[in-house]
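Listed below, chain by chain, are the residues.
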Amino acid sequence: MKKVRYAAVFAGLILLFLAAMVLNINTGSVDISLPEILRILFWREGDETAVSIIWKIRLPRLLTAALLGGALALSGFLLQTFFRNPIAGPFVLGISSGAKMFLALVTIALSPLLPRMPMPVTVLAAFLGSMVSMAFVLLVSGKIKNMSTLLVVGMMISYICSAVTDFLINFAKEADIVNLTYWSMGSFSAASWSDLRAASMVVLPASVLTFLLSKPISAYALGEGYARSVGVNVKAFRVLLILFSSLLSACVTAFAGPISFVGIAVPHITRLLLKTDKPALMIPASFLCSGVFCMFCDLAARTMFAPTELSVSTVTSAVGAPIVIWLMLKRRKGHEG
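1. Some words on the packing of aromatic side chains
Evaluation of the coordinates by the stated rule reveals two aromatic pairs. On the numbers, 5.2 Å between centres and 55° between planes, the contact of Y220 with F237 is tilted. Pair noted here: Y220 is in helix 9 (residues 214–221) and F237 is in helix 11 (residues 234–256), with a separation of 17 residues, a long-range link. Each of the two residues, Y220 as well as F237, counts as buried.

2. Re helix 11
With 23 residues, helix 11 should reach 33 Å at 1.5 Å per residue; the first-to-last C-alpha distance of 33 Å fits that figure. G257 sits one or two positions beyond helix 11 and adopts a positive phi of about 85°.

3. Looking at the state of the cysteines
In the structure shown here, the tally under the stated rule is zero disulfides. Its sulfur unpaired, C251 is 13 Å from the next cysteine sulfur, which belongs to C294.

4. Comments concerning the packing of helix 3 (residues 48–83) against helix 8 (residues 193–212)
One way to put it is that helix 3 packs onto helix 8 with a least axis distance of 10 Å and a crossing angle of 25°. Comparing their axes, helix 8 and helix 3 come out roughly parallel. Like other packed secondary-structure pairs, helix 3 and helix 8 cross with a definite hand, here left-handed. Residue-level contacts link W55, L59, P60, L63, T64, L67, L68, A71, L74 and L78 of helix 3 to W193, L196, A199, S200, V203, L204, S207 and T210 of helix 8.

5. Some thoughts on unusual backbone geometry
In this model, K275 sits at a positive phi of 55°, which is unusual for a non-glycine residue. Its location among the elements puts K275 in the loop between helix 12 (262–274) and helix 13 (279–303). Its relative accessible area of 62% is what places K275 among the exposed residues.

6. Remarks on the side chain of S214
With respect to the element layout, S214 can be found in helix 9. For S214, a relative accessible area of 8% translates into the label buried. Side-chain polar atoms of S214 contact the backbone oxygen of F211, separated by 2.5 Å. Setting aside residues no more than four positions away along its own chain, S214 makes contact with P279, A280 and I283.

What counts, and where the lines are drawn
- Residues numbered from 1 in each chain as written.
- Predicted model: local features only at pLDDT ≥ 70, side-chain atom pairs only at ≥ 80, totals over all residues.
- Heavy atoms only, no water.
- Phe/Tyr/Trp six-rings, centres within 6.5 Å; stacked < 30°, edge-to-face > 60°.
- Helix = DSSP H or I, 4+ residues; strand = E, 2+ residues; numbered from the N terminus.
- Buried < 20%, exposed > 50% of the residue type's maximum accessible area, 1.4 Å probe, protein only.
- Expected span 1.5 Å × (residues − 1).
- Disulfide = S-S within 2.5 Å.
- Axes fitted to C-alpha atoms, helices over the stretch in contact; angles between N-to-C directions.
- Parallel < 35°, antiparallel > 145°, perpendicular 65-115°, else oblique.
- Left-handed = near helix turned anticlockwise from the far one by under 90°.
- Contact = heavy atoms within 4.5 Å.
- Polar contact = N/O pair within 3.5 Å; in protein donor to acceptor, adjacent residues only side chain to side chain.

This is the structure:
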């Protein structure tokens with residue numbers, strides 16, 4: 001029965017992924033019928049305007065949403081493994097805000113020298129910011145055992161980083177101010193094929209390496225003592241968890257800005273669907289589920305109040321924040337029980 005359930009969940013997610021693709025491509029200021037979508041995708045035949053809309057705007061945007069959404073879920077899953085807590089995530093712990101702060105700092109510092117930030121520099125700056133925030137969280141977590149307090153500290157880190165970012169923006173050029181302000185809201189609207197290729201070069205290898213850590217993650221979930229007994233180098237393993245989670249969340253921040261609550265909400269939704277914590281199933285299922293989640297959230301962001309477009313972070317917060325509140329209440333009742 002378990003195998004049937006797992007197969008059904010993956011089949012359902014794949015169907016939802018295909019449905020999200022069709023809806024994202026079809027819906028917008030120009031509606032394109034399903035037969036025309038298929039003709040354009042497979043043979044690139046049809047109205048020139050429709051071909052251009054699909055291949056230059058909608059397709060790279062929805063694939064970027066799927067890829068970066070998957071990266072966020074894996075980052076959240078790794079952080080939840082590291083802290084052994086379902087409420088840990090890159091946005092809540094302030095890691096995304098640290099990436100945003102460093103990226104703003106580097107952008108403003110290099111804007112007089114470079115007309116456009118090279119993508120490797122962008123990702124590296126975001127990664128360094130993530131690592132700095134993570135280092136502070138780890139420092140605090142060694143002294144604070146209460147996870148609720150640690151979450152409050154993470155929120156304070158987020159506020160501090162956001163305040164520093166707003167301060168830095170005051171010294172930016174007018175064009176940089178517009179770009180940074182829009183980017184800091186979180187959006188997939190600027191996605192292009194070149195961005196998708198660059199993000200894939202980071203996310204896909206990191207995701208594969210994360211999947212290869214499935215067995216050590218399973219052992220670590222049973223306790224550090226057990227992990228050591230089956231040959232896991234716990235110190236090295238913890239470093240890998242930090243590096244991969246920071247790299248994945250930094251990549252998302254670099255390409256789409258900070259996106260809220262996906263890293264917490266989606267792994268938990270995936271657990272509820274699968275009814276298991278097995279990493280070999282959770283990792284691919286979370287990636288796929290989060291990709292679908294972000295594709296639908298992006299669709300809602302650009303169509304709910306069209307022609308005005310919401311930031312995708314607004315939509316993910318509206319869905320993810322109640323899930324986080326529910327998780328905290330459930331955890332509190334478990335402790336009281």
